[in-house]
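Residue-level listing of the chains:
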Amino acid sequence: MDVSILGFGGSEIGYQRVSGRTVERLLGGALDSGLNVIDTAECYEDSETLIGRALGARRPQVRLFTKCGHAGGWGRADWRPASLLSSIERSLRRLATDHVDLIQLHSCTLAQLRKGDVIAALERARERGWARYIGYSGDGAAARYAIECGRFDTLQTSVSLADQEALELTLPLARERGLGVIAKRPLANVAWRYTRKPAEPYYQDYWSRLRVLDYDFLRGPAAVATALRFTLAAPGVHTAIVGTTKADRWPANAALLAAGVLPAAEFDRIRARWRQVAEASWQGQV
């Protein structure tokens, strides 16, 4: 697949209950600005439905990705093969399409992956024409195994200023094996904007790490651009997905990439600081 280096992540529009009209404006403007990657999941509330309605006749312009494994919501994982296939069928109805370009297992454990039946379920979905490709979305040892097993086409994993484990653990091998790589959480939830530890648990680990990393550029106007260009400079990354609920945000983020990915010297300085202060507990965050 040819993919835009900046994609759209659909979690926020679902969890924050954005209106259908706003999603139509948001995706319409993004598509007009060059977007062709949309990533969502069956557990992001009504994200799939909102996206399906917003795309309409523009569906052929998009590489449409979704995930399975939590059909009853993020806190209720269900890895039974029959449930996964049923969930994928439901996703197709919600997305108003006869197939997705990529279906991904949504952060199941290493033990679950090794059993093999969850992967076989995705392979059956691909055989039935419900998905062109299959992938794994996750981090750490499970992500490493997903590459090593040789059964996936893509890996979606966390890559950011505050989450650099993948740059050594998985990205080199993914590149060697020819997997497509989708960087999730590429802006580390912009956690540096908080002067105090945020109440939202999803942001807290990154906030704490960034306090220790203390990158000076995070105090300037180029913080978001530098963070995004760092992720996209990581060898092996093909696209980075950024979520938003604001109609003008995706084109604005795309404009930040006019200068290209981060120069090697600047990328290396950021990596050197990570190696200097990162703790062993700083693993990839789902």
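Refer to the structure printed above.
Residues numbered from 1 in each chain as written. Predicted model: local features only at pLDDT ≥ 70, side-chain atom pairs only at ≥ 80, totals over all residues. Heavy atoms only, no water.

Can you walk me through unusual backbone geometry in this structure?
For residues that are not glycine, phi is negative in most cases, and the peptide bond is trans in most cases. Its identity as a non-glycine residue notwithstanding, arginine 17 has a phi of 50°, on the positive side. Of note, arginine 17 is situated in the loop between helix 1 (11-15) and helix 2 (20-32). Since its relative accessible area comes to 60%, arginine 17 is described here as exposed. Although it is not a glycine, alanine 188 adopts a positive phi angle of roughly 50°. Structurally, alanine 188 can be placed in the loop between strand 7 (180-184) and helix 10 (201-213). (Helix = DSSP H or I, 4+ residues; strand = E, 2+ residues; numbered from the N terminus. Buried < 20%, exposed > 50% of the residue type's maximum accessible area, 1.4 Å probe, protein only.)

Explain the packing of helix 2 against helix 3 (residues 47-55) to me, please; I cannot follow it from the model alone.
When two helices pack together, their arrangement is given by the angle between the helix axes and the distance between those axes. Interhelical geometry of helix 2 versus helix 3 gives an angle of 60° and a closest axis separation of 9 Å. One element, helix 2, and the other, helix 3, form an angle in the oblique class. Where helix 2 crosses over helix 3, the two elements pack in a sense that is right-handed. Contact residues: Gly20, Val23, Glu24, Leu27 and Leu31 in helix 2; Leu50, Ile51, Ala54 and Leu55 in helix 3. Considering only residue class, the contact of helix 2 with helix 3 consists of seven nonpolar, one polar and one charged. (Axes fitted to C-alpha atoms, helices over the stretch in contact; angles between N-to-C directions. Parallel < 35°, antiparallel > 145°, perpendicular 65-115°, else oblique. Left-handed = near helix turned anticlockwise from the far one by under 90°. Contact = heavy atoms within 4.5 Å. Nonpolar A, V, L, I, M, F, W, Y, C, P; charged D, E, K, R; others polar.)

Whenever I open this one, the packing of helix 10 against helix 13 (residues 264-277) confuses me. Can you help?
Contact geometry of helix 10 with helix 13 gives a least axis separation of 10 Å together with a crossing angle of 100°. Classified by the angle between their axes, helix 10 and helix 13 sit roughly perpendicular to one another. Each of Arg209, Val212 and Leu213 in helix 10 lies in contact with helix 13, whose residues at this interface are Arg273, Trp274 and Val277. A breakdown of the residues in the contact of helix 10 with helix 13 according to their chemical character gives four nonpolar, no polar and two charged.

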